[in-house]
Amino acid sequence: WLDPVLLKPKSRGAVRLRSADPGDAPRITLPGIREPRDVGRLVEAYRTGVEIINRPEIRQFAKAPRATDRGGVRALRRLVVENAYSIPHVVGTCRMGPSSDAGDVVDAIGRVHGVEHLSVIDASVIPDAPSGFPHLITLMLAEHLCSLILEAAERPERGAIPVVGRDERDSE
């Protein structure tokens, strides 16, 4: 079976609050294939995969993919849409920025706007889906944001948000 995957889909899912009650589960919508551009890219990937599988040096090791010549482009688009699935690497659900007025959820060090002593330090603050698994990016992000939060807690006189990337020598 040929299984093309979009590493950077345009289609997006959503995580929304169901109510103000923290006991209510959130409403989660997986991205699926909503954008026509995504369907076109998957059709192109499927065609390329069929070309590769049909090469003699590969053909001996691979089963024949589903027939794509019957029904033309419309049938191939339907095949792609019917067999598409989401790889749920949920990122980008908590926008990072300076103000909740603009729809931002957390500040530059992951603190939730309007809620004291609550931070979000996970893949949800990554703005765009990476072209692969977000695990290592999330670990690096968490380590970095934790160090910034600890620095801010140790130096309240410097203000709420430490200057990212500044060396101690720069402030002397």
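What counts and what doesn't
Residues numbered from 1 in each chain as written. Predicted model: local features only at pLDDT ≥ 70, side-chain atom pairs only at ≥ 80, totals over all residues. Heavy atoms only, no water. Salt bridge = Lys/Arg side-chain N within 4 Å of Asp/Glu carboxyl O. Helix = DSSP H or I, 4+ residues; strand = E, 2+ residues; numbered from the N terminus. Buried < 20%, exposed > 50% of the residue type's maximum accessible area, 1.4 Å probe, protein only. Patch = residues over 30% accessible without salt bridge, like charges linked within 9 Å, V, L, I, M, F, W, Y side chains within 5 Å. Areas by Shrake-Rupley, 256 points an atom, 1.4 Å probe, with all protein chains shown as cover. Lys, Arg positive; Asp, Glu negative; His and termini not counted. Charge placed at Lys NZ, Arg CZ, Asp CG, Glu CD. Polar contact = N/O pair within 3.5 Å; in protein donor to acceptor, adjacent residues only side chain to side chain. Contact = heavy atoms within 4.5 Å. Expected span 1.5 Å × (residues − 1). Arc of directions from axis to C-beta. Core = buried A, V, L, I, M, F, W, Y, C linked by side-chain atoms within 4.5 Å.

Engineer: Is there a simple way to explain the pattern of salt bridges in this structure?
Structural biologist: Pairing is possible between side chains of opposite charge, provided their charged atoms come close. Under the defined criterion, the tally for this structure stands at three salt bridges. Between Asp38 and Arg41 there is a salt bridge, with the nearest N and O atoms lying 3.9 Å from each other. Residue Asp38 and its partner Arg41 are both found in helix H1 (residues 36-53); the two are separated by three residues, about one turn of the helix. Residue Asp38 is classed as buried on the basis of its relative accessible area, which comes to 0%. Note on Arg41: relative accessible area 26%, which makes it partly exposed. When the shortest N-O distance is used, the salt bridge between Asp107 and Arg111 registers 2.8 Å.

Engineer: I'm lost on a positive patch on the surface in this one. Help?
Structural biologist: A cluster of basic residues, Lys8, Lys10, Arg12 and Arg37, forms a positive patch at the surface. Among the residues examined, Arg12 registers a relative accessible area of 47% and is labelled partly exposed.

Engineer: Explain a nonpolar patch on the surface to me, please; I cannot follow it from the model alone.
Structural biologist: On the surface, a cluster of nonpolar side chains totalling about 380 Å² of accessible area is made up of Val5, Leu7, Tyr85 and Ile87. Mapping Tyr85 onto the fold places it in the loop between helix H3 (72-83) and helix H4 (135-154).

Engineer: What should I look at first to understand the side chain of Ser11 in this one?
Structural biologist: Among the secondary structure elements, Ser11 is positioned in the segment before strand S1 (14-16). Exposure remark for Ser11: the relative accessible area of 2% places this residue in the buried category. Polar side-chain contacts of Ser11 include one of 3.0 Å to the backbone nitrogen of Arg34. Dropping the residues within four chain positions of it, Ser11 is found in contact with Pro31, Gly32, Ile33, Arg34, Glu35 and Asp38.

Engineer: I would appreciate a short explanation of H4 in the present structure.
Structural biologist: Under the 1.5 Å per step criterion, the end-to-end length of H4 is 29 Å for 20 residues, consistent within 8% with the ideal 28 Å. Listing the buried residues of H4 in full gives Thr138, Ala142, Leu145, Leu148 and Ala152. Down the axis of H4, the sector holding all buried residues measures 135°, keeping them to one side. Residues of H4 that are exposed and angled more than 90 degrees away from the buried face: Leu136, Met140, Glu143, Leu150 and Glu154.

Engineer: Explanation requested: the environment of Val80 in the structure shown.
Structural biologist: Note that Val80 resides in helix H3. Along the sequence, Val80 and Gly40 sit 40 residues apart, while their C-alpha atoms lie 9.2 Å from each other. Apart from the residues within four sequence positions on either side, Val80 is in contact with Val39, Leu42 and Val43.

Engineer: Would you mind going over the nonpolar core with me for this structure?
Structural biologist: A general trend in soluble globular proteins is that nonpolar side chains are found buried together. Of all hydrophobic cores here, the largest spans eleven residues; its members are Leu2, Leu6, Val39, Leu42, Val43, Tyr46, Val50, Ile53, Leu76, Leu79 and Val80. At the level of elements, H1 and H3 are the ones that each hand at least two residues to this core. Counting residues in hydrophobic clusters, the runner-up holds nine residues, among them Cys94, Val106, Val125 and Ala152.

Function cannot be inferred from these measures alone, as they are strictly geometric.
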